[in-house]
Amino acid sequence: MNTGNTGFTATIITTAITTAFAVVAGIVNHIMSGNRDRENQQTTASLKYTEQQLEELYGPLAFLIWEGRCTYTDLVKKFLEMRRQKQNNGDKDDKIVRLPNEEEIKHKGDKIGPLQNQEEIKLWIFWIEKDAFPRHEKIKKLLMTKTHLIEGEIMPESYLKFLDYHNSWKIEHLRWQEQQIKYSGKSKFDFPLEFETEVLKTFKNLKRQQANFLKANHDLRKKSQIYAKTAKNINLLNRQDAKNS
């Protein structure tokens, strides 16, 4: 009878379809898993490098810059206080240089002008040796030892300007200390304000990248869970189809 043959043929067809479906599902799952693995590896590598940049270079640089702005602002306020006190005591010396109001004090730059007396010179030298130079040396060391973490393909020009600013000042100061060679008490180069701007901008950008990478990792984990659930459902359907066959 043809009935038996028809049923047998239907079983073969069903089995073939089920097998083909399982093979296709396996291929799709393999491709999705491969894509997930590559995305995970790329994201993880990028995140690791960005976090290394933040931890070892741009984080420390940013905090040193913020610290320097605060201490310099405090120094200018102290000079302002000293010169106001001198004027209040009746000293009308025309050579006294006007200092900015506290609202006008920004950061770095020469907000102090020529030093007026020994008291100011002592305060300025104290700040140079105990605050400015130690911090500048820390920045210099970071730039020298963490060059591989500097963002971009080349060393930014402002970074080189900062090194020139500090190195020339340090040498002139040492010559004044050890050889009594007169100098202005300041670097012969202007402080490169763009150095601070670029470092802080890069720090901000890297923090944004870090947040984006972390979000991407979270999204990939969610996708992996969805893919895993889909693959599980496909396997369940395959087993059910095989059982029914």
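Preceding this paragraph is the structure being described.
Attention in this report is confined to the structure presented alongside it. Just so it is clear, the model here is predicted, and its values are computed rather than measured. Sequence order as written defines the numbering, with residues in each chain counted from 1. It should be noted that, the model being predicted, local features are given only for residues of pLDDT at least 70 and side-chain atom pairs only at 80 or more, the latter also being counted only at that level, while totals for whole chains, interfaces and linings use all residues. Heavy atoms throughout the structure, all of them, feed into the side-chain values; hydrogens and water do not.

## Observations concerning helix α2 (residues 118–145)
- In this text, helices come from DSSP runs of H or I with a minimum length of four residues, and strands from runs of E with a minimum of two, each type numbered from the N-terminal end. The span expected for a helix works out to 1.5 Å for each residue beyond the first. Here α2 spans 39 Å end to end across 28 residues, near enough to the 40 Å set by a 1.5 Å rise per residue.
- Bending is quantified residue by residue as the angle between axes fitted to the seven-residue window ending at that residue and the seven-residue window starting at it. Maximal helix bending in α2 amounts to about 40°, located at isoleucine 128.

## Let's talk about the nonpolar core
- To define a nonpolar core, start from buried Ala, Val, Leu, Ile, Met, Phe, Trp, Tyr and Cys residues and group those joined through side-chain atoms within 4.5 Å. Using a 1.4 Å probe on the protein chains alone, a residue whose accessible area is under 20% of its type maximum counts as buried, one over 50% counts as exposed, and one in between counts as partly exposed. Membership of the largest hydrophobic core comes to 35 residues, with the highest contact counts inside it found for Tyr58 and Trp124.
- Of all elements in the fold, only α1 (2–88), α2, α3 (157–179) and α4 (193–244) reach the threshold of two or more residues within this core.
- Element by element, the count of residues in this core is highest for α1, at 11 residues.
- When sequence neighbours within four positions are dropped, the list of residues in contact with tryptophan 124 reads Tyr72, Leu75, Phe79, Ile112, Leu115, Trp169, Gly185 and Lys186. Two residues form a contact once any of their heavy atoms are found within 4.5 Å.

## Some thoughts on the packing of α2 against α3
- What counts as an axis is a line fitted to C-alpha atoms, over the stretch in contact for a helix, and the angles between N-to-C directions run from 0 to 180 degrees. α3 packs onto α2 with a crossing angle of 140° between their chain directions and a minimal axis gap of 10 Å. Relative to α3, the element α2 is oriented oblique. Once α2 is placed against α3, the crossing between them reads as left-handed. From α2, Trp124, Ile125, Trp127, Ile128, Glu129, Phe133, His136, Glu137, Ile139, Lys140 and Leu143 reach across to α3, where they touch Tyr159, Phe162, Leu163, Tyr165, His166, Asn167, Trp169, Lys170, His173, Trp176 and Gln177.
- Considering only residue class, the contact of α2 with α3 consists of 13 nonpolar, 5 polar and 4 charged. Comment on the angle field: the value is read as roughly parallel under 35 degrees, roughly antiparallel over 145, roughly perpendicular from 65 to 115, and oblique elsewhere. Each crossing gets its handedness from the near helix: less than a right angle anticlockwise from the far helix is left-handed, clockwise is right-handed. In this classification, the charged set is Asp, Glu, Lys and Arg, the nonpolar set is Ala, Val, Leu, Ile, Met, Phe, Trp, Tyr, Cys and Pro, and all remaining amino acids, among them Gly, are polar.

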